[in-house]
Amino acid sequence: MCIVTWFVSGRDFDVDGFLNRFPTLECEDSWHRGDEGLLRKVLEDSGFSLTLFDGKNPKGAVQAVRSALDQMRDVHAALAELGVRSRLRFGLFVGAKESFVPTLSLAVEDLEFFARLGVAVEVLGYPVSDKD
């Protein structure tokens, strides 16, 4: 399984105003500085997240994410003006029979594409098993 989530955040980011400006963004979550987050920790920034890919394996994930981000050039231009943090999190499920050792390939061209947009890339492994 592979899930790619895009996170955008900033200390003084007006997340509600931004999302109102781009109503076609279908974010799953948004948060505000000062809110209580996980483990009752007070959040130091505001932001949103949205899933760009959710598939059985990582095959095609990078191309799907590039395509999705390419279609949102106006969003990226607005984010660049705001100076907020933008990152992609490629989450790979590791350990189950179907995904014991998944591989995610990022070519130089992919990394250059993300860098041009100002998007950092993170790859995380989530341990899973075939047991219930």
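Residues numbered from 1 in each chain as written. Predicted model: local features only at pLDDT ≥ 70, side-chain atom pairs only at ≥ 80, totals over all residues. Heavy atoms only, no water.

A.B. asks: How do you make sense of the packing of helix H2 (residues 61-70) against helix H4 (residues 108-117) when you look at a structure like this?
C.D. replies: Relative orientation of the contacting elements H2 and H4 amounts to 30°, with a least axis distance of 11 Å. Considering their axes alone, H2 and H4 lie roughly parallel with respect to each other. By crossing handedness, the relation of H2 to H4 is classed as left-handed. Counted together, Val 62, Val 65, Arg 66, Leu 69 and Asp 70 of H2 and Glu 109, Asp 110, Phe 113, Phe 114 and Leu 117 of H4 form the full contact between these two elements. (Axes fitted to C-alpha atoms, helices over the stretch in contact; angles between N-to-C directions. Helix = DSSP H or I, 4+ residues; strand = E, 2+ residues; numbered from the N terminus. Parallel < 35°, antiparallel > 145°, perpendicular 65-115°, else oblique. Left-handed = near helix turned anticlockwise from the far one by under 90°. Contact = heavy atoms within 4.5 Å.)

A.B. asks: How should I be thinking about the packing of aromatic side chains in this particular structure?
C.D. replies: What characterises a pair of aromatic rings is the spacing of the ring centres plus the angle enclosed by the ring planes. Under the counting rule described, the total for this entry stands at six aromatic pairs. Taken together, the ring pairs connect Trp 6, Phe 13, Phe 18, Phe 22 and Phe 48 into an aromatic cluster. Above the ring of Phe 113, the side-chain terminus of Arg 66 is found at 4.4 Å from the ring centroid. Its end group placed over the ring of Phe 7, Arg 87 keeps NZ or CZ at 4.6 Å from the ring centre. (Phe/Tyr/Trp six-rings, centres within 6.5 Å; stacked < 30°, edge-to-face > 60°. Lys NZ or Arg CZ within 6 Å of the ring centre and 35° of its normal.)

A.B. asks: Please clarify how the confidence of the model for the protein chain should be interpreted in this entry.
C.D. replies: Here the protein chain shows a mean pLDDT of 87. Residues at 70 or above account for 89%. Mean pLDDT per element in the protein chain: strand S5 (residues 119-127) is the minimum at 84, and helix H1 (residues 15-21) is the maximum at 95. (pLDDT = per-residue confidence, 0-100.)

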